[in-house]
Amino acid sequence: MTTIDKTFDFQEKVLALRGYRQQLLASNIANADTPNYKAVDIDFAKALQMAQSGRAAGGLAKTSPMHLDAAGGSAVAGVKPLYRAAVQPSIDGNTVDTNVEQSQFSENALQYMATLQFINGKIQSTMLALRGGN
Amino acid sequence: MSLFNVFDIAGSAMTAQSMRLNVVASNMANADSVTGSDGQPYRAKQVVFQAKPLSAAMPKGASGVVVARVVNDPSPMKMVYDPKSPYANEQGYITMPNVNVVEEMTNMISASRSYQANVEMMNTAKSMIQRTLALGQ
């Protein structure tokens, strides 16, 4: 892995996970009126930790730098969606709480854009270094 | 890009909600239809939503919405006493549609709110994608 790869590696994983979470939250909001639909979400901190350590869902640890990523290099591949604990489940078995989902959706979008901002900063400082300060 | 799936999900939900709105409109319009093309009084219709992964490319856990089927409302028909009507039975009662107008109104508000939520979701996804495309500029 080159230095430039390493510079963007972490933020790239964050972006992939945020994008994945956005899709899950989107399907929660879309299915707010579907009978028996259970709201899903991921444990973001755990997923990011797993992606960073290169562990897949099977829990295989990399004990040698020569080992390949079990998840095929994708940060999302090993992440398991979990069902949200229902606070007020409705009578048709649906556990989507629209207010919670919408606030989470906005929050996740903001976090995604914040990550983009960080990447932009890194690109700018890398370009500055490449140009020798000119 | 994975975020494009959000458009598919929101789009499927909007289609489903507008179908629900259509059914509500049909029910409201036919709340007093004593007879239809089959000679029977109108029966209220309801849509049944189903969560479904829209494509193979969709990651696990993410699913859109489809209308599985449109069912007839099983609630009993309204009987109204009107002996002058040509549709009255021997006792002088006519069978009126089982449309509950109050229920249909709340159904309509719920559908339009859900539709709005999905439009909002699409707007957010759009600005996220635009910001991603503008990376490094």
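Computed from a prediction, not measured in an experiment: that's the story for all the values here.

**Q** How would you explain the interface of chain B and chain A if you had to name every residue and give the values?
**A** Counting residues at the interface gives 29 residues for chain B, matched by 28 residues for chain A. At 9 residues, helix α2 (residues 101-133) of chain B tops the list of elements feeding residues into the side of chain B that touches chain A. Residues of the side of chain B that touches chain A, tallied by class, amount to 14 nonpolar, 13 polar and 2 charged.

**Q** Can you explain the nonpolar core? Please cite residues and give values.
**A** Core analysis: the biggest nonpolar cluster contains 43 residues, and Ala26(A), Ile29(A), Ala10(B) and Met121(B) have the highest contact counts within it. Elements that contribute at least two residues to this core include exactly α1 (3-30), α2 (44-53) and α3 (98-130) of chain A together with α1 (4-29), β1 (45-52) and α2 of chain B. For this core, the element with the most residues is α1(A), which contributes 9 residues. If we skip the residues at most four places from it in the chain, Ala26(A) touches Val6(B), Ile9(B), Ala10(B) and Met121(B).

**Q** An account of unusual backbone geometry is requested, with residue identities and associated values reported.
**A** Residues and elements named next belong to chain A. The residue asparagine 36 is not glycine, and still its phi comes out positive at about 65 degrees. The residue asparagine 36 is located in the loop between α1 and β1 (40-41) in this model. Owing to 12 C-beta atoms within 10 Å, asparagine 36 belongs among the exposed residues under this scheme.

**Q** Quick rundown of the environment of Lys46(A)? Include the residues and the values.
**A** Looking at where Lys46(A) falls in the secondary structure, it is placed in helix α2. C-alpha separation for the pair Lys46(A) and Val79(A), spaced 33 residues apart in sequence, amounts to 9.0 Å.

**Q** Provide a residue-level description of α2(B), including the pertinent values.
**A** If you check α2(B), its first and last C-alpha atoms are 48 Å apart, about what 33 residues at 1.5 Å a residue would give, namely 48 Å. Every buried residue of α2(B) is listed here: Asn107(B), Ala111(B), Ser114(B), Ala117(B), Asn118(B), Met121(B), Thr124(B), Ala125(B) and Met128(B). Where α2(B) is buried, its residues contact α1 and α3 of chain A together with α1 of chain B.

**Q** Account for the packing of α1(A) against α2(B), naming residues and giving values.
**A** Running from amino to carboxyl end, α1(A) crosses α2(B) at an angle of 165 degrees, the nearest separation of the two axes being 10 Å. As far as their axial angle goes, α2(B) and α1(A) are roughly antiparallel. Here α1(A) and α2(B) pass one another in a crossing that is left-handed. Contacts between α1(A) and α2(B) involve Ala26(A), Ile29(A) and Ala30(A) from the first element and Ala117(B), Asn118(B) and Met121(B) from the second.

**Q** A description of the confidence of the model for chain A should follow, citing residues and the corresponding values.
**A** Reading predicted coordinates in detail is not appropriate for stretches of low pLDDT. Looking at chain A, pLDDT values average 85 and 87% of them are 70 or higher. Element-level mean pLDDT values for chain A span from 87 in α2(A) up to 94 in β1(A).

**Q** Break down the environment of Asp43(A) for me, with residues and values.
**A** With respect to the element layout, Asp43(A) can be found in the loop between β1 and α2. Note: C-alpha distance between Asp43(A) and Val79(A) (36 residues apart in sequence) is 8.7 Å.

**Q** Mind laying out the packing of α1(A) against α3(A), listing which residues take part and the relevant values?
**A** Residues and elements named next belong to chain A. Running from amino to carboxyl end, α1 crosses α3 at an angle of 160 degrees, the nearest separation of the two axes being 9 Å. In this view, α1 runs roughly antiparallel relative to α3, as classed from their interaxial angle. As α1 packs across α3, the resulting crossing turns out to be left-handed. Residues of the contact of α1 with α3, tallied by class, amount to 11 nonpolar, 11 polar and 4 charged.

Parameters at a glance
- Residues numbered from 1 in each chain as written.
- Chains lettered and ligands numbered in written order.
- Predicted model: local features only at pLDDT ≥ 70, side-chain atom pairs only at ≥ 80, totals over all residues.
- Contact = placed C-beta atoms within 7 Å.
- Helix = DSSP H or I, 4+ residues; strand = E, 2+ residues; numbered from the N terminus.
- Nonpolar A, V, L, I, M, F, W, Y, C, P; charged D, E, K, R; others polar.
- Core = buried A, V, L, I, M, F, W, Y, C linked by C-beta atoms within 7 Å.
- Buried ≥ 20, exposed ≤ 12 C-beta atoms within 10 Å, placed from the backbone.
- Expected span 1.5 Å × (residues − 1).
- Axes fitted to C-alpha atoms, helices over the stretch in contact; angles between N-to-C directions.
- Parallel < 35°, antiparallel > 145°, perpendicular 65-115°, else oblique.
- Left-handed = near helix turned anticlockwise from the far one by under 90°.
- pLDDT = per-residue confidence, 0-100.

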